[in-house]
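Inside the fold
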Amino acid sequence: MSAISYSINTAWYLDVNTLARQSAWAHGVMEVYSHDLGIGLLALVVLAAWWWARRSDTPAAAVGAVLWVAGGTVLAWIISHFVLKPLVAERRPYLALHHVEVLLTRTHEYSFPSGHATVAGAVIVGLWLARRRLAAAVSTVLGLFLCFGRIYTGMHY
């Protein structure tokens, strides 16, 4: 990683970390959402997209497209976790920076790419490609909030 991108990552991380320090009232929501709830809600959106696809004009194609979203998301996570994380080997920000707010249990796994962000991105892109517009729009909002939450809780740059 170049020095320029590292300093931008660090600066943005510290800006969000400062926000986290100043908004203790939001810690509980951000902890729950960015650890489990966000992924669960994205799964529910995919499930709802599958349900609505069954009622479309071309149910076989629509259902097939949504099933590809689910399968593609699992495949993206596997590649992210087992190939890219060890290859990139970026340390968690709280291991590189001292005195930062960390709201979730610290781990020593690598930070990049974020598994949560990978799942969110795969669901978002998959639903847009499957032309499930409402589900894609909802997943975009949920996924971006999830990615922000992972930074807010101190887990990722």
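A short tour of the structure in this document, coming up.

Rules and cut-offs
- Residues numbered from 1 in each chain as written.
- Predicted model: local features only at pLDDT ≥ 70, side-chain atom pairs only at ≥ 80, totals over all residues.
- Heavy atoms only, no water.
- Helix = DSSP H or I, 4+ residues; strand = E, 2+ residues; numbered from the N terminus.
- Buried < 20%, exposed > 50% of the residue type's maximum accessible area, 1.4 Å probe, protein only.
- Contact = heavy atoms within 4.5 Å.
- Areas by Shrake-Rupley, 256 points an atom, 1.4 Å probe, with all protein chains shown as cover.
- Lys, Arg positive; Asp, Glu negative; His and termini not counted.
- Charge placed at Lys NZ, Arg CZ, Asp CG, Glu CD.
- Expected span 1.5 Å × (residues − 1).
- Bend = angle between axes of the 7 residues up to and from the residue.
- Core = buried A, V, L, I, M, F, W, Y, C linked by side-chain atoms within 4.5 Å.
- Patch = residues over 30% accessible without salt bridge, like charges linked within 9 Å, V, L, I, M, F, W, Y side chains within 5 Å.
- Salt bridge = Lys/Arg side-chain N within 4 Å of Asp/Glu carboxyl O.
- 1 Å grid on protein atoms, 1.4 Å probe; cavity = no way out; pocket = protein on both sides within 12 Å on 5 of 7 lines; lining within 4 Å.
- Points joined across faces, edges and corners; volume = space filled by probe spheres on them.
- Axes fitted to C-alpha atoms, helices over the stretch in contact; angles between N-to-C directions.
- Parallel < 35°, antiparallel > 145°, perpendicular 65-115°, else oblique.
- Left-handed = near helix turned anticlockwise from the far one by under 90°.
- Nonpolar A, V, L, I, M, F, W, Y, C, P; charged D, E, K, R; others polar.

Moving on, we come to the overall build of the protein. Across its full length, the protein carries 6 helices and 0 strands. Ordered by position from the N terminus, the helices and strands of the protein form the series α-α-α-α-α-α. The principal-axis extents of the C-alpha atoms in the protein amount to approximately 55 × 35 × 25 Å. The buried share among the 157 residues of the protein stands at 39%. Contacts in the protein between residues far apart in sequence, at least 24 positions, make up 76% of those at least 6 positions apart. For the protein, the accessible area works out to roughly 9100 Å², and carbon and sulfur atoms hold 70% of it. Distance between charge centroids for the protein: 8 Å, based on 11 positive and 7 negative side chains.

Spanning 30 residues, helix H3 (residues 59-88) covers 41 Å between terminal C-alpha atoms, matching the ideal 44 Å at 1.5 Å per step. Of all the bends in H3, the greatest measures close to 35° and is centred on Ser80. Listing the buried residues of H3 in full gives Ala62, Val63, Val66, Val69, Thr73, Ser80 and Lys85. Tucked into the core, H3 has its buried residues touching helix H2 (27-53) and helix H5 (115-129). A positive phi of about 55° marks Ala89, the residue just after H3.

Let's shift gears to the nonpolar core. Formed by 19 residues in total, the largest nonpolar core has its most connected members in Leu42, Val46, Val123 and Leu127. Listed by contribution, the elements that provide at least two residues to this core are H2, H3, H5 and helix H6 (133-152). If one sorts the elements of this core by residue count, H2 sits on top with 6 residues. Apart from residues no more than four positions distant in its own chain, Leu127 is found in contact with Val45, Val46, Ala49, Val69, Arg132, Ala135, Ala136 and Ser139. The next biggest cluster of nonpolar side chains, apart from the first, holds 7 residues, and it includes Tyr13, Tyr94, Leu97 and Tyr157.

Quick look at a nonpolar patch on the surface now. Taken together, the side chains of Val74, Leu75, Trp77, Ile78, Ile79, Phe82, Val83, Leu84, Leu87, Val88 and Phe112 define a hydrophobic patch exposed on the protein surface, amounting to about 1000 Å² of accessible area. For Ile78, the position within the fold is in helix H3.

Estimates place the volume of the second largest pocket at around 180 Å³. Along the walls of the second largest pocket sit 13 residues, with Ser111, Phe112, Ser114, His156 and Tyr157 positioned nearest its centre. Listing elements by their share of the lining of the second largest pocket, those giving two or more residues are H5 and H6. Residue contributions to the lining of the second largest pocket peak at 3 residues, all from H6.

It is worth spelling out the packing of H2 against H5 at this point. Running from amino to carboxyl end, H2 crosses H5 at an angle of 20°, the nearest separation of the two axes being 11 Å. In this view, H2 runs roughly parallel relative to H5, as classed from their interaxial angle. Handedness of the crossing formed by H2 with H5: left-handed. Across from Ser34, His35, Ile39, Leu42, Val45, Val46 and Ala49 in H2, the residues of H5 making contact are His116, Val119, Ala120, Val123 and Leu127. Residue composition of the contact of H2 with H5, grouped by class: 9 nonpolar, 3 polar and no charged.

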